[in-house]
Amino acid sequence: MDWAANLESVQERIRTACDRAGRAVDSVALLAVAKTHSADAVQTLAACGVRLFGENKVQEAKAKIPLCSSRLRWHLIGHLQTNKVRDAVALFEMIQSVDSLRLAREINQRAEQAAKQMPILLEVNLAGEASKFGYAPDQLRAELRELNALPRLEIHGLMTVPPWSPVPERVRPYFRQLRELRQQCEDQLGAPLPELSMGMTGDFEVAIEEGATLVRIGTALFGQRTSRPASA
Ligand SMILES: *Cc1c(COP(=O)(O)O)cnc(C)c1O
């Protein structure tokens, strides 16, 4: 697997999408999704200059992160159970998958105990898919003030995993909806929410055209995942 070539190709596609959308290329950050891939694979991409990595399971991250350069930054992008919050607060620079007030309160409490502030994104399930986690937009609007009042949390924006489609254009309406919801949340809070985490291997160019600031890319960088997580 030529990871350096994969990275170059992804970066080129990000640049092209930014040009098309009239956006600065540094307005989009690449998050390399390392789930199921080994620490060696992570280190190879790190040697090419990638600094930001994502994991969807706390357990896997806990085994892998200590084997990687301490200069790397990690985001949690998968559903978080309350009994794993303490580890998540210690391991991750950002938790992108906050999907309930109960979870947010637990993160707030654990961050307090660790004497730190925790940057988070609120995950939104725009299509109401039963197979996915995330806030329904109405529920998010209803709980936003209470979420924002938790003193140890810093809400940086929204994240979504839209319904899968082989045709990226079909996903565009969801990316647009997330951007519009972000605007509504900003109006409600009277504060900016700079991050929109949206776009994966199959659809990140469309996500960039719709305003993504963080694209979460696994397959296009590391190749196909086998079903089983790497033992780090
Ligand atoms: C696995 C995963 C990705 C990356 O998906 P690819 O299609 O491999 O790029 C992005 N976001 C989340 C939440 C994921 O779980």
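The coordinates are above.
Residues numbered from 1 in each chain as written. Predicted model: local features only at pLDDT ≥ 70, side-chain atom pairs only at ≥ 80, totals over all residues. Heavy atoms only, no water.

Novice: Honestly, helix α6 (residues 137-148) in this entry has me stumped. Any pointers?
Specialist: In an α-helix there are 3.6 residues to a turn, and that puts residues three or four apart on one side. Between the first and last C-alpha of α6 there are 16 Å, a value that for 12 residues agrees with the 16 Å anticipated at 1.5 Å per step. Within α6 the residues assigned to the buried category are L140, E143, L144 and L147. The buried residues of α6 occupy an angular sector of 155° when projected down its axis, which confines them to one face. Among the exposed residues of α6, those oriented more than 90 degrees off its buried face are D138, A142 and R145. Packing partners of the buried residues in α6 comprise α5 (101-113), β5 (118-124), β6 (153-160) and α7 (172-189). (Helix = DSSP H or I, 4+ residues; strand = E, 2+ residues; numbered from the N terminus. Expected span 1.5 Å × (residues − 1). Buried < 20%, exposed > 50% of the residue type's maximum accessible area, 1.4 Å probe, protein only. Arc of directions from axis to C-beta. Contact = heavy atoms within 4.5 Å.)

Novice: Honestly, the packing of α6 against α7 in this entry has me stumped. Any pointers?
Specialist: To characterise two packed helices, one gives the angle between the axes of the helices and the distance between these axes. Between α6 and α7, the shortest axis-to-axis distance is 10 Å and the interhelical angle comes to 35°. In this structure, α6 crosses over α7, and the sense of that crossing is right-handed. Contacts between α6 and α7 involve P137, L140, R141, L144, R145 and N148 on the former and, on the latter, L181, Q184, C185, Q188 and L189. Taken together, the residues that form the contact of α6 with α7 break down as six nonpolar, three polar and two charged. (Axes fitted to C-alpha atoms, helices over the stretch in contact; angles between N-to-C directions. Left-handed = near helix turned anticlockwise from the far one by under 90°. Nonpolar A, V, L, I, M, F, W, Y, C, P; charged D, E, K, R; others polar.)

Novice: Help me understand the site of the ligand, please; the structure alone is not making it clear to me.
Specialist: With respect to spatial proximity, the complete set of residues near the ligand consists of V33, K35, I77, V161, M200, T201, R216, I217, G218, T219 and R225. A distance of 2.6 Å separates an oxygen atom of the ligand from a polar atom in the side chain of K35. For the ligand, an oxygen atom lies 2.8 Å from a polar atom in the side chain of R225. Using a 2 Å cut-off from the grid points, one finds that the ligand occupies the largest pocket. A breakdown of the residues in the shell around the ligand according to their chemical character gives five nonpolar, three polar and three charged. (Near = heavy atom within 4 Å. Polar contact = N/O pair within 3.5 Å; in protein donor to acceptor, adjacent residues only side chain to side chain. 1 Å grid on protein atoms, 1.4 Å probe; cavity = no way out; pocket = protein on both sides within 12 Å on 5 of 7 lines; lining within 4 Å. Sits in = over half its atoms within 2 Å of the grid points.)

Novice: Please clarify how the packing of α5 against α6 should be interpreted in this entry.
Specialist: Running from N to C, α5 and α6 point in directions that differ by 10°, and their axes come no closer than 10 Å. By the angle between their axes, α5 is roughly parallel relative to α6. Touching L101, A104 and R105 of α5 are E143, E146 and L147, all from α6. Its residues placed into classes, the contact of α5 with α6 shows three nonpolar, no polar and three charged. (Parallel < 35°, antiparallel > 145°, perpendicular 65-115°, else oblique.)

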